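Each chain, written out:
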Amino acid sequence: MSAPRYTRTAILLHWVQAALVLTLLGLGWYMADLPKGPDKTATYALHKSLGLCALVLVAVRLLWRWQHRPAPLARVTTQERLATAVHHLLYLLLALVPLAGYLSASFTKYPMKLFGMPVFKAGWADETINGMFNALHKGSALILAILVGLHVAAALYHGLRRDGVLARMSPHNSRAGTALE
């Protein structure tokens, strides 16, 4: 029996978001030490474009999750409460990090582009406001990276326990069930 369509969609959205977030975190750390020049400019442009994609994707995921809620658990343990809290914080940061990045870029003198196409900027050139949003972007990205590490550690824990939680979110899930994402 195959997984329900809503579950396969949730799994796909989860893994696309995971790949995007890991790429963005890697690019963010990589580009921070690049010297000024065409490589840094191109890396920043890619980071901003992928960040805008991440912002749209998290909006899609939140809308999907709102319309396709998982079945309630029969009993809720402390571990499940903690997992729910971490998931909520992950969703918050998945939205906050790219939103803060977008707002930071909106308050620079540089045009904003999505893979070369102009994008509306919500602000004007202002170094102070740019700095505030940039600090929020970097700080929340660091917290997101820590939570992603915790999320991966929890997935490995469930994989070692073979309790079905990791298998439920596997891209190769062929069993019916309700996705956590």
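All residue numbers refer to position in the chain's written sequence, counted from 1. A pLDDT threshold of at least 70 governs which residues receive local features in this predicted model, and a stricter bar of 80 or more applies before side-chain atom pairs are shown or counted, although totals over entire chains, interfaces and linings include all residues. To obtain the side-chain values, all non-hydrogen atoms of the structure were used and water was disregarded.

Enquirer: How do you make sense of the overall build of the chain when you look at a structure like this?
Expert: To qualify as a helix, a DSSP run of H or I must reach at least 4 residues; to qualify as a strand, a run of E must reach at least 2; elements of each kind are numbered from the N terminus. For the chain, the count of helices and strands is five helices and two strands. The secondary structure elements of the chain, listed N-terminal to C-terminal, are α-α-α-β-β-α-α. With respect to the three principal axes, the spread of C-alpha positions in the chain is 55 × 30 × 25 Å. For the exposure calls, accessible area comes from a 1.4 Å probe over protein chains only, and a residue counts as buried if that area is under 20% of its type's maximum, exposed if over 50%, partly exposed in between. Sorting the 181 residues of the chain into buried and exposed places 31% on the buried side. The contact criterion used is simple: two residues touch if any of their non-hydrogen atoms lie within 4.5 Å. In the chain, of all internal contacts separated by at least 6 residues, the share reaching a separation of at least 24 is 68%. Computed with the Shrake-Rupley method and a 1.4 Å probe, the accessible areas treat only the protein chains shown as cover for residues. Summed over all atoms, the accessible surface of the chain reaches about 11,500 Å², with 69% contributed by carbon and sulfur. Distance from the positive charge centre (18 side chains) to the negative charge centre (7 side chains) of the chain: 9 Å. In this tally, Asp and Glu contribute negative charge and Lys and Arg positive charge; neither His nor the terminal groups of the chain are included. Where a charge lies is defined by one atom per residue type, namely NZ (Lys), CZ (Arg), CG (Asp) and CD (Glu).

Enquirer: How do you make sense of the environment of F120 when you look at a structure like this?
Expert: Looking at the secondary structure, you find F120 in the loop between β2 (117-118) and α4 (127-161). In this structure F120 comes out as exposed when scored by relative accessible area, which is 62%. Considered as a pair, F120 and P38 are 82 residues apart in the sequence and their alpha carbons are 23 Å apart.

Enquirer: Where do I start with the packing of aromatic side chains in this structure?
Expert: Pairing of aromatic side chains here covers Phe, Tyr and the six-membered ring of Trp, requires ring centres within 6.5 Å, and sorts the geometry by plane angle: under 30 degrees stacked, over 60 edge-to-face, intermediate tilted. All told, the structure shown has two aromatic pairs when counted by the stated rule. Centre to centre, the rings of F107 and W124 are 4.9 Å apart; their planes meet at 80°, and the pair counts as edge-to-face. Taken together, the residues span a long stretch of sequence, with F107 in the loop between α3 (78-106) and β1 (113-114) and W124 in the loop between β2 and α4 at a distance of 17 residues. Of the residues examined, F107 reaches a relative accessible area of 8% and is grouped as buried. The structure contains a cluster of three or more aromatic residues connected by ring pairs, namely F107, W124 and F133.

Enquirer: I keep staring at the nonpolar core and nothing clicks. Help me out?
Expert: In globular proteins that are soluble, nonpolar side chains generally tend to be buried together. Here the nonpolar core consists of buried residues drawn from Ala, Val, Leu, Ile, Met, Phe, Trp, Tyr and Cys, with membership extended through side-chain atoms lying within 4.5 Å. Residues V21, L90, L94, L144, L147 and V148 are the most contacted members of the largest nonpolar core, which totals 13 residues. Contributions of two or more residues to this core are made by α1 (5-32), α3 and α4. Per-element accounting of this core gives the leading share, six residues, to α3. Each residue touching L144, except ones within four places of it in the same chain, is listed here: V21, L90, L93, L94 and V97.

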